[in-house]
Structure formats: C-alpha cells, structure tokens
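Architecture and fold: a report
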Amino acid sequence: MKKHLLTVALAAALATSGFANAAQTIKIGVILGFTGPIESLTPDMAASAELAFKEASDSGMLLNGSTITPIRADSTCVDASAATAAAERLITADKVAAIMGADCSGVTTAIANSVAIPNGVVMVSPSATTPALSSIEDKGFFFRTAPSDARQGQVLADAVFESGTKIIAVTYTNNDYGKGLSDAFIGAFKALGGKIAIVAAHEDGKGDYSAEVAALAAAGADKLAVLGYLDQGGKGIIQASLDTGAFDSFALGDGMIGQSLIDAFGKDMVDTIATSPGGSSDAMTNFISLAKANKIGGEGPYDGTSYDAGALIVLAIQAGGTADRASIQANMNKVANAPGTKIYPGELKKALEILTAGGEVDYVGATNIEFSDVGEVYGTYRQLEIKDNKFSLVKVR
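Residues numbered from 1 in each chain as written. Predicted model: local features only at pLDDT ≥ 70, side-chain atom pairs only at ≥ 80, totals over all residues. Heavy atoms only, no water.

1. Examining the packing of aromatic side chains
Scanning the model with the defined rule gives five aromatic pairs in all. Ring geometry for Phe161 against Phe189: centres 6.0 Å apart, planes inclined by 80 degrees, an arrangement best described as edge-to-face. Here Phe161 is found in helix 5 (residues 149-162), whereas its partner Phe189 is found in helix 6 (residues 176-191), with 28 residues between them in sequence. Take Phe161 and Phe189: they sit in the same class, and that class is buried. Members of the aromatic cluster, connected to one another through ring pairs, are Phe161, Phe185 and Phe189. The lysine or arginine in question, Lys166, covers the ring of Phe161, its NZ or CZ lying 4.4 Å from the ring centre. In this arrangement the basic side chain of Lys206 is found over the ring face of Tyr209, its NZ or CZ atom lying 5.8 Å from the centre. (Phe/Tyr/Trp six-rings, centres within 6.5 Å; stacked < 30°, edge-to-face > 60°. Helix = DSSP H or I, 4+ residues; strand = E, 2+ residues; numbered from the N terminus. Buried < 20%, exposed > 50% of the residue type's maximum accessible area, 1.4 Å probe, protein only. Lys NZ or Arg CZ within 6 Å of the ring centre and 35° of its normal.)

See the structure below:
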C-alpha cells in the first residue's frame, strides 16, 4: 500500500514538474505592423502564421495534445521604440516561447538586438529583407523565411534589364529596407550595363510627393523604380507620378505588392515589373488553396513566408519535446534542413507524428525553406506584372 501511494505521489510530482509531458498552452508572439506603411498586408500575414499554429493544435499531436495561443503585438513597422516595447511585453509579461516576426527591417533589427537575443528568444521574420541582417550577432536566435534583398536586387535588375529598359530612375523609402534594396538593385543594374538616371530617397508620411516626382522625372528616365511601401510613401510617389504624367511605367520591390495598390492605380500602371518572394511550385499553389479555404488571401508577398515561419516554430518545439526557448533555437535548423521526410503546407500533423516517433523532417513549406548557416534562405522570387486587375505571375527566378 505504501509503495502504491509512493508511486502515485511520484507520478503526480512528475506531472506537476512538466516531465510527464502533460498537455499545455504554448504562447507564441506574432509581432507585425498592424498599423503603419504595410498595414494592408499584415492581417493576412498574421493569419497565415496562425493557420500553422491552428493546424498543429488541431492535430492533437503537438506535445501530447498541447495547443498554441498566438499573442499579437504591433511593431508599427517604423517606430523602433514602440516595437521594442511591444516585444518586451511579449517576452517578459506574456512569456511567449518564440516570436513570429517582426516585419520591416528596421524594427526587426531593433527587436532582435535589444530584446529577443538578450532574452534568448527565437525570432523568425517572414519579411525583414535588409542584407544587414545577415551579419548581426544573433547567437543563433534570429531566422528569416524571406530572402535577403541582396538577392531581390539582382532579380529585379535582371527582370527590368531583360525587358528592354536600359535607363531608370530610382526612389526608395529612407530606412534600412529601402536603402538596402536600392543599393542591391543599383549595383546589379549597373553591372548589367544599365544606367541610373537619378537616385533619391523619399520620406514616408507626407501628403504630397509632387516635388520628389518632378526631380525624378527631370533626370530623363522613362521608368521609375519605387522601392518603398504600398500604404505610405511608395503609394504617394506613384499617385504623384500618374497625376502629373511624369511616369506610368514602374519597377516595384516586394514592399509595394498588394491588392490595395492595384485597386487604387492598377489600370493606369502600364508596363510595370515587380518582384515578390515565392515560387510557382505545387507547394505554393497548395498553400494558397489552404489559405483561401480558411478565408486568408494567401497571395500576398509574405503570406507563404509567414505560414512557413509559424510552421518552423511548431516543428522545432516538437523536435525538442518542449516549448523551452533554448530548445526551440537548438532545433530550428534540424527541422528546416535535410535529412528527413519532406514536409509541405497542410502536412504538419504528418510532421508531428514523424517527430513523435523519433524520425526526422525536412520542412520545405510553401516557399522552399532551407536555412543557411546564418539562419536565412536563399529563396526564389516571383516576377510579376499587372494584368486582369491583379499582380500576375510572369516567371520564377
């Protein structure tokens, strides 16, 4: 009898301490610019990541029936102080196990350096693309599922040059993202033999960009590269260009891709070339179908990368057998890279079952995930054009 009581007491103690792997609620932060220059994109980005969390929770296979509760916070995309304060609350008050986000490069860098890395919390950004993030001292805690703009600049330059444009004007939003993409694009375009007529930064938040556009047009180029944000200065630049007749042909970076831009100006933007992370694979097609079935757009520039970011966090939790922050970090590369069974969108239950049985997974996801030694993807880009009142795929590069 005494032995039985001791066994019961030991089992209870183990369950209480967590060693029995009892089901739990795991909090994951989702920090994106729900206000600010890409606010039309972030609802679907958040919903895409949360779709992966729901898929894992509903499977019943995550840590013996555990579930994930996403906790949203606003990065603002532009205010580093507000973003770091929001991330601090997620980490210290809400005690999240990991963070999906942030979004824009400047706030992502600030959160990583000031909050996430010092507290040993994994961040997986679906959209921070500045090349500078490749070399931050992240101690292995920062990852991103969107490729660096060092790659996007080359892809956009190739697409523009091959279309026949040999001289172009360039304007970029005056921050880490805009400057990084502009530098990469200009360097690549010049290397191809192209000429840059003028380069000018623009500030977000202005009501009128006619002066900026007049200076850009005076340089004599027929096409304008707008490397900014679709809900802020980039949109204002295009509006002033069309209103004054200065430009109607554009080259757009990924921060300009969104249906809201098409709804505002699509019919007037002729011969426009754009780039966005992703591919045309069956995996991306399946993700879009999965997203739409859950009332998510799925075709935004960072929807697939957001789903992948969420899925990787889930699988890293399962691979380590715990939602401990250090364990998540230790298992990110293991679930993202070969060897292992390849895992695609909608297959998280399968992946969780494999990991439960002691097997290995190689998460490919919607956007062809494979991490480098600094936790980022090489990735592919979609070359887009405006057709039939939407951004339509031309080819994958």
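Still more ground to cover, so stick around.
2. Regarding the environment of Thr275
As for its placement among the helices and strands, Thr275 is situated in strand 10 (residues 273-277). Counting along the chain gives 116 residues from Thr275 to Phe391, while the straight-line C-alpha distance between them is 9.8 Å. Ignoring any residue separated from it by four or fewer positions in sequence, one finds Thr275 in contact with Gln152, Val155, Leu156, Leu252, Gly253, Asp254, Ile257, Tyr381 and Arg382. Side-chain polar atoms of Thr275 contact the side chain of Gln152, separated by 2.9 Å. (Contact = heavy atoms within 4.5 Å. Polar contact = N/O pair within 3.5 Å; in protein donor to acceptor, adjacent residues only side chain to side chain.)

3. Quick notes on the sheet that holds strand 3 (residues 98-101)
On the basis of which strands lie adjacent, the open sheet formed by five strands has the order 2-1-3-4-5 and parallel pairing. Looking along the sheet, the strands with just one partner apiece sit at the ends: strand 2 (67-74) and strand 5 (142-144). In this sheet, adjacent strand axes meet at a mean angle of 25 degrees when their direction is disregarded. Against the sheet, helix 11 (residues 303-320) makes contact with strand 1 (25-32), strand 2, strand 3 and strand 4 (123-125), and its axis sits at roughly 165 degrees relative to strand 3, the strand it touches most. (Pairing = 2+ DSSP bridges. Axes fitted to C-alpha atoms, helices over the stretch in contact; angles between N-to-C directions.)

4. Some words on empty space enclosed by the protein
Under the defined criterion, the tally for this structure stands at two cavities of 30 Å³ or more. Each pocket or cavity is described by its volume, and for the largest cavity that value is around 70 Å³. Ile38, Asp103, Cys104, Ser105, Ser127, Tyr177, Tyr229, Gly255 and Tyr302 together form the lining of the largest cavity. Within the lining of the largest cavity, the residues separate by chemical class into five nonpolar, three polar and one charged. Residue-level mapping places the lining of the largest cavity at the junction of two domains, with at least three residues from each of domain 1 (2-15 + 23-146 + 302-363) and domain 2 (150-279 + 380-396). Size it by volume and the second largest cavity reaches roughly 30 Å³. Taken together, Thr145, Pro147, Pro277, Gly278, Thr305, Thr367, Val377, Gly379 and Thr380 make up the lining of the second largest cavity. (1 Å grid on protein atoms, 1.4 Å probe; cavity = no way out; pocket = protein on both sides within 12 Å on 5 of 7 lines; lining within 4 Å. Points joined across faces, edges and corners; volume = space filled by probe spheres on them. Nonpolar A, V, L, I, M, F, W, Y, C, P; charged D, E, K, R; others polar. Domains from an automatic or database assignment.)

5. Some thoughts on the layout of surface pockets
Within this model, the largest pocket holds a volume of roughly 620 Å³. If you trace the largest pocket, you find 32 residues lining it, with Gly298, Glu299, Gly300, Pro301 and Phe391 closest to the centre. Of all the secondary-structure elements, those providing two or more residues to the lining of the largest pocket are helix 9 (259-265), strand 10, helix 10 (282-293), helix 11, strand 13 (381-387) and strand 14 (390-396). Here the lining of the largest pocket is composed, by residue class, of ten nonpolar, 16 polar and six charged. A domain split of the lining of the largest pocket shows at least three residues from each of domain 1 (2-15 + 23-146 + 302-363) and domain 2 (150-279 + 380-396). Of the pockets and cavities examined, the second largest pocket occupies roughly 190 Å³. In terms of lining, the second largest pocket is formed by 14 residues, of which the most central are Asp138, Gly140, Asp373, Val374 and Gly375. Looking at the lining of the second largest pocket, the elements that each hand over two or more residues are strand 5 and helix 12 (325-336).

6. Description of the sheet that holds strand 10
The sheet built from seven strands is open, its strands ordered 7-6-8-9-10-13-14 with mixed pairing. Among the strands making up the open sheet, the edge pair consists of strand 7 (195-202) and strand 14. The mean inter-strand angle of the sheet, taken between neighbouring strand axes irrespective of direction, is 25 degrees. In this structure, strand 8 (residues 223-227) lies alongside strand 9 (residues 250-252), joined through three bridges in parallel fashion. Within strand 9, the position partnered with Ala225 by the bridge is Ala251.

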